[in-house]
Amino acid sequence: MNSPGPDAAGRRRAFLPETPAALDVRHAVRDWLRRYAPTGVVAVALSGGADSLALTAAAVAEAEVVDALIVDHGLQEGSARVADEAAAVATTLGCRAVRVLPVAVGTDGGPEAAARQARYAALEGARGRSPVLLGHTLDDQAETVLLGLARGSGARSIQGMADYAAPWGRPLLGVRRATTRRLCADLGLRPHEDPHNRSPDFTRVRLRTEALPLLEDVLGGGVAAALARTAEQLREDGVVLDTLADQLLEAADEGGSLSAETLATAPGAVRRRAIRSWLLAHGAKALTDKHLRAVDALVTDWRGQGGVALGGGKPGTRLVATRERGKLCLAFARY
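The rules behind the values
Residues numbered from 1 in each chain as written. Predicted model: local features only at pLDDT ≥ 70, side-chain atom pairs only at ≥ 80, totals over all residues. Heavy atoms only, no water. Helix = DSSP H or I, 4+ residues; strand = E, 2+ residues; numbered from the N terminus. Contact = heavy atoms within 4.5 Å. Salt bridge = Lys/Arg side-chain N within 4 Å of Asp/Glu carboxyl O. Buried < 20%, exposed > 50% of the residue type's maximum accessible area, 1.4 Å probe, protein only. UniProt positions renumbered as here; feature names shortened; annotations may be inferred. Core = buried A, V, L, I, M, F, W, Y, C linked by side-chain atoms within 4.5 Å.

Observations concerning the environment of Leu279
And then number 1: Within the secondary structure, Leu279 is located in helix α10 (residues 268–281).
And then number 2: Each C-alpha atom of the pair Leu279 and Leu292 lies 9.1 Å from the other, and the pair is 13 residues apart in sequence.
And then number 3: Residue contacts for Leu279: discarding those within four places in its chain leaves Ala284, Leu287, Leu292, Val295, Leu310 and Leu330.

Structural data, given as structure tokens:
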């Protein structure tokens, strides 16, 4: 790696060569900082992999201050050594502060979900007031869209990841994974290769190594980029629909219940978004398209049917949506 040079504050920053990969990553980070972090103070979630290493190097080159946060999940032998090596690289690149965050990973939701929950909780607790940059790339976005498509829960499930959902920032959603690897090679960095990223036991790994390459071959290339563009377009549409849904909720609100008559005047896409927001705000969990359409039927296909049981109840009770005197209501019913 090229020797670092001091910045205006006296910190030593790694020199990034003007290679195509370096320019692509730097421009992506620069644009993200301009839009979302004008103060230039950020934290980076650094795993030691190619994506987060490239992100850290570009962030140090573009931001005023970069702190590195390294989560040690403790799930593999030698994980502490990997974390220490990543910390050493972060210091060499010019991060202001470097912290290793050991976590205890539970079992809820399976190994992937439990590790993600522990990781995000640790990052949230350590970030202070800074946004946290994550190394998700265009390829990760394509995989996320395919996973959402398989769930079949409507447009929201295939919107993919947002470039900023406070406090999480994803500057590299327009950058290919191959580009981050090239930048690491340009800098003489050797990324850590997580064995989990090659294990066919994980659905995302099979998408990455089997499904997406096959789609690229069958459809003549450009599939990952097309999936990412689709996600971006759906997120833009979603902003408009969410705004209309919020306005509908305000108009239909009757002291916590919702006027079925007012809801019925709205297009289905807006109405169901409004109902979803209302349900989530009142404690509903794990909502599915089936749940939403059943509650929607209380508005649009009312035949005196019973309530709709939802996830999110208390011990010994369940949350139920009902229609009473022309209003959608929520109550806890014992079982």
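As for the pattern of salt bridges
And then number 1: As enumerated under the stated definition, the model contains 23 salt bridges in all.
And then number 2: As a salt-bridge pair, Asp31 and Arg34 come within 2.5 Å of each other at their nearest N and O atoms. One end of the pair, Asp31, and the other, Arg34, are both in helix α1 (residues 20–36), 3 residues apart, so they sit about a helical turn from each other.
And then number 3: Overall, the relative accessible area of 30% leaves Asp31 in the partly exposed class.
And then number 4: Between Arg293 and Asp289 there is a salt bridge whose closest N-O contact spans 3.0 Å. You can see Arg293 and its partner Asp289 sitting in helix α11 (residues 289–300), 4 residues apart, about one turn around the helix.
And then number 5: Arg293 sits in the partly exposed class, given a relative accessible area of 43%.

Comments concerning the UniProt feature "binding site: ATP" (unreviewed entry) in the protein chain
And then number 1: UniProt records the feature "binding site: ATP" (unreviewed entry) for Ser47, Gly48, Gly49, Ala50, Asp51 and Ser52 in the present numbering.
And then number 2: Within the secondary structure, Asp51 is located in helix α2 (residues 50–62).
And then number 3: Ignoring anything within four residues of it in the chain, the contact list for Asp51 reads Gly135, Thr137, Asp140, Leu172, Arg177 and Thr180.
And then number 4: Taking relative accessible area as the criterion, Ser52 reaches 5% and is therefore assigned buried.
And then number 5: If we skip the residues at most four places from it in the chain, Ser52 touches Val44, Ala45, Leu46 and Ser47.

Structural notes on the environment of Glu232
And then number 1: Along the chain, Glu232 turns up in helix α8 (residues 223–252).
And then number 2: In this structure Glu232 comes out as partly exposed when scored by relative accessible area, which is 43%.
And then number 3: Sequence separation between Glu232 and Pro111 is 121 residues; the distance between their C-alpha atoms is 29 Å.

Re the nonpolar core
And then number 1: With 37 residues, the main nonpolar core has Val29, Val42 and Val66 as its most contacted residues.
And then number 2: Elements that contribute at least two residues to this core include exactly α1, β3 (41–45), α2, β4 (65–72), α3 (79–93) and α6 (177–187).
And then number 3: Among the elements that line this core, the one with the most residues is α2, at 8 residues.
And then number 4: Discounting chain neighbours no more than four positions away, the residues touching Val66 are Val42, Val44, Ala59, Val60, Cys95, Arg96 and Ala97.
And then number 5: Counting residues in hydrophobic clusters, the runner-up holds 22 residues, among them Leu248, Leu249, Ala266 and Leu328.

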